[in-house]
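In case you want the letters, here they are:
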Amino acid sequence: MPKRAQETLFKPKLSQSESKADSVSRIAMSMIEQESTLREAKIARLKQARLAQEAAERAIAKAAVKPAAKPARRTAKA
């Protein structure tokens, strides 16, 4: 037996408590999504800062490791 047109064309009307719960659920999900986006942006920003700091530290360490040029030894002639 085919479904009635009213059942297939329109969504059933939710009760007041169901519509309120649906509204709260949508708001909560949007808040969670927003927090997730902000968290991912913060993580990316911190990662960039960490990589820049590590590169600067490597450059400083590399410059510090280079030994000073040794003066030429003179040999004493007797």
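Here, the structure is the one placed above.
Residues numbered from 1 in each chain as written. Predicted model: local features only at pLDDT ≥ 70, side-chain atom pairs only at ≥ 80, totals over all residues. Heavy atoms only, no water.

*Asks:* Help me understand the overall build of the chain in this model?
*Replies:* Each helix and strand in the chain was counted, giving two helices and zero strands. Within the chain, the fraction of its 78 residues that count as buried is 1%. (Helix = DSSP H or I, 4+ residues; strand = E, 2+ residues; numbered from the N terminus. Buried < 20%, exposed > 50% of the residue type's maximum accessible area, 1.4 Å probe, protein only.)

*Asks:* Where do I start with the pattern of salt bridges in this structure?
*Replies:* It is possible for side chains bearing opposite charge to pair when their charged atoms get close. The full count for this structure, using the stated rule, is two salt bridges. As a salt-bridge pair, Asp-22 and Arg-26 come within 3.6 Å of each other at their nearest N and O atoms. Here Asp-22 and its partner Arg-26 are both found in helix 2 (residues 16-65), four residues apart, which amounts to about one turn of the helix. A relative accessible area of 36% means that Asp-22 is categorised as partly exposed. Assessed through its relative accessible area of 54%, Arg-26 is described here as exposed. Arg-50 is the partner of Glu-54 in a salt bridge, and the nearest nitrogen-oxygen pair spans 3.5 Å. Of this pair, Glu-54 and Arg-50 are both found in helix 2, four residues apart, which corresponds to roughly one turn of the helix. (Salt bridge = Lys/Arg side-chain N within 4 Å of Asp/Glu carboxyl O.)

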